[in-house]
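# Close look at the chain arrangement
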Amino acid sequence: MLRSVVLSTGAYLPARVMTNAEFEKTLDTSDDWIEGRTGITQRHIAARDELTSDLATKAGKQAIESAGVPADSIDLVILATTTPDETMPATAVKIQQQLGITRGAAFDLNAACSGFVYAMAVANNFIISGQVKRALVIGAETYSRILDWNDRGTCILFGDGAAALLLERQEQKGTNDDRGVLFAGIHSDGQYASLLGTQGGVSSTRTAGTVFMAGKEIFRHAVARMPDAVEEAMSATGLPLSAIDWLAPHQANQRILDGVAQKLHISPDKVISTVAGHANTSAASIPLALHVASHDGRLKRGQLVACPALGAGLTWGCTVVRW
Ligand code: COA
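Predicted, not measured: the structure shown is a model, and the values here were computed from it.

## Side note on the sheet that holds strand β4 (residues 76-80)
Judged by pairing direction, the sheet is mixed, and its 5 strands sit side by side in the order β1-β7-β6-β4-β5 without closing on themselves. Looking along the sheet, the strands with just one partner apiece sit at the ends: β1 (2-12) and β5 (105-109). The average angle at which neighbouring strand axes cross in this sheet is 20°, direction not considered. In terms of strand pairing, strand β6 (residues 134-141) meets strand β7 (residues 161-171) through 8 bridges, oriented antiparallel. Its bridge partner lying in β7, Leu136 is registered against Leu166. Running over the sheet, helix α2 (residues 52-67) touches β1, β4, β6 and β7 and is turned about 120° from β1.

## Quick look at a positive patch on the surface
Together, Arg37, Lys216, Arg220 and Arg255 make up a positively charged patch on the protein surface. By secondary structure assignment, the location of Arg220 is in helix α6 (residues 215-237). Judged by relative accessible area, which is 52%, Arg220 ranks as exposed.

## Concerning the site of the ligand
Surveying the vicinity of the ligand reveals 21 residues, the closest of which are Thr29, Arg37, Arg152, Lys216 and Asn253. In the model, an oxygen atom of the ligand is placed 2.5 Å from a nitrogen or oxygen of the Arg37 side chain. The separation between an oxygen atom of the ligand and a polar side-chain atom of Lys216 is 2.3 Å. When the ligand is considered free in solution it has 950 Å² of accessible area, and contact with the protein chains removes 74% of it. Of all elements in the fold, only α1 (31-38), α6 and α7 (254-263) reach the threshold of two or more residues within the shell around the ligand. Ranked by residues supplied to the shell around the ligand, first place goes to α6 with 4 residues. Of the residues contributing to the shell around the ligand, the split by class is 9 nonpolar, 7 polar and 5 charged. Shared between two domains, the shell around the ligand takes at least three residues from each, and those domains are domain 1 (2-171) and domain 2 (180-322).

## Overview of the sheet that holds strand β8 (residues 180-188)
Strand order in the open sheet made by the 4 strands is β8-β13-β12-β11, with mixed pairing throughout. In the strand order of this sheet, the two ends are held by β8 and β11 (246-247), each with one partner. Where β8 lies against strand β13 (residues 315-322), 8 bridges are found, and the strand directions are antiparallel. Looking at β13, one finds that Val181 is bridged to Val321.

## Brief notes about the pattern of salt bridges
Scanning the entire structure with this criterion turns up 9 salt bridges. Notably, a salt bridge pairs Asp178 with Arg3, separated by 2.8 Å at the nearest N-O pair. You can see Asp178 sitting in the loop between β7 and β8 and its partner Arg3 sitting in strand β1, a full 175 residues away along the chain. Linking Glu65 and Lys61 is a salt bridge whose minimum nitrogen-to-oxygen distance equals 2.9 Å. With Glu65 and Lys61 both in helix α2 and 4 residues apart, this pair spans about one turn of that helix.

## Topic: the state of the cysteines
Scanning the entire structure with this criterion turns up 0 disulfides. Free of any disulfide, Cys318 has its nearest neighbouring cysteine sulfur in Cys307, separated by 6.6 Å. Accessibility expressed as a relative area gives 2% for Cys318, which makes it buried.

Conventions adopted
- Residues numbered from 1 in each chain as written.
- Predicted model: local features only at pLDDT ≥ 70, side-chain atom pairs only at ≥ 80, totals over all residues.
- Heavy atoms only, no water.
- Pairing = 2+ DSSP bridges.
- Helix = DSSP H or I, 4+ residues; strand = E, 2+ residues; numbered from the N terminus.
- Axes fitted to C-alpha atoms, helices over the stretch in contact; angles between N-to-C directions.
- Contact = heavy atoms within 4.5 Å.
- Patch = residues over 30% accessible without salt bridge, like charges linked within 9 Å, V, L, I, M, F, W, Y side chains within 5 Å.
- Areas by Shrake-Rupley, 256 points an atom, 1.4 Å probe, with all protein chains shown as cover.
- Salt bridge = Lys/Arg side-chain N within 4 Å of Asp/Glu carboxyl O.
- Lys, Arg positive; Asp, Glu negative; His and termini not counted.
- Charge placed at Lys NZ, Arg CZ, Asp CG, Glu CD.
- Buried < 20%, exposed > 50% of the residue type's maximum accessible area, 1.4 Å probe, protein only.
- Near = heavy atom within 4 Å.
- Polar contact = N/O pair within 3.5 Å; in protein donor to acceptor, adjacent residues only side chain to side chain.
- Nonpolar A, V, L, I, M, F, W, Y, C, P; charged D, E, K, R; others polar.
- Domains from an automatic or database assignment.
- Disulfide = S-S within 2.5 Å.

Fair warning: the whole summary comes from geometry, so function is off the table for now.
In structure tokens:
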């Protein structure tokens, strides 16, 4: 059976770190409030001349170098992002060029904070159908560019960053012991589109718009739908929830991570959390968490990791990978 096996990861965070205390100067908020309600202590912010493609290229380059494969052997580049450099061409094409890839295909995918699980589902389908051998899945965002810096309910939540997974088609036995993607489920329901999005956009206002969110409602959907997505994914594999070695959810808020783990009866020490240091980096948050955990030695080859996400749309889903 063909599987999409993770060969390597890469990540990049902009040098500039912005602490919660910096918001105290301009907004009626406090470090205590932000950390207490979200678990976030700081976020990285891209420099003026640093674009989503720059972050993504650095993450992708690290993944390619770490796998030790020629860049030109990559058949497919999928960039999950809500913050492309320009409206066109797709930012993925710039990344492809900057990585020295002259063949195959590259495109952007927008599923907001679920972008990574959507991109994994798409890449996995190309790989297991035999059409693609190597795919680079990147989540990269510069949310700092679409935030309303006067809205304390949203601007404190997000950060910039990028991370990449290099996937390779490998023949495996076809059991749950196989390495690679065991399930990649995605969902959406547009009736909730008004809960989270941008005020404005290319076709509606000729601008990129700024983020708005009904925080409480999104919170409720997140703690309900992410556990459901994990249960659906695990039941599709036939494995029990207890087979999960690590839960690496979309990193939006520590209280959401805690709520998801609690619903699934997964102990907090099995949850990979980077929300304190990165804040919510949207489509980049799960691959960043996977990169951190695989590099610090927690996430080991052969272990099972479940990655649920929820984002604007609403979109949601879960990727289950044997590392
Ligand atoms: N500093 C201080 N006070 C703030 C604040 C801030 N940064 N942001 C909001 N508040 C205030 C609100 O105005 C409200 O005041 P009020 O009671 O006088 O109206 C009070 O804090 C409580 O706000 P509420 O929205 O009920 O807080 P909360 O506990 O729901 O936390 C979020 C707010 C945004 C942290 C939380 O709703 C959340 O995390 N939502 C999901 C966010 C998310 O993950 N989005 C992305 C998903 S992809």
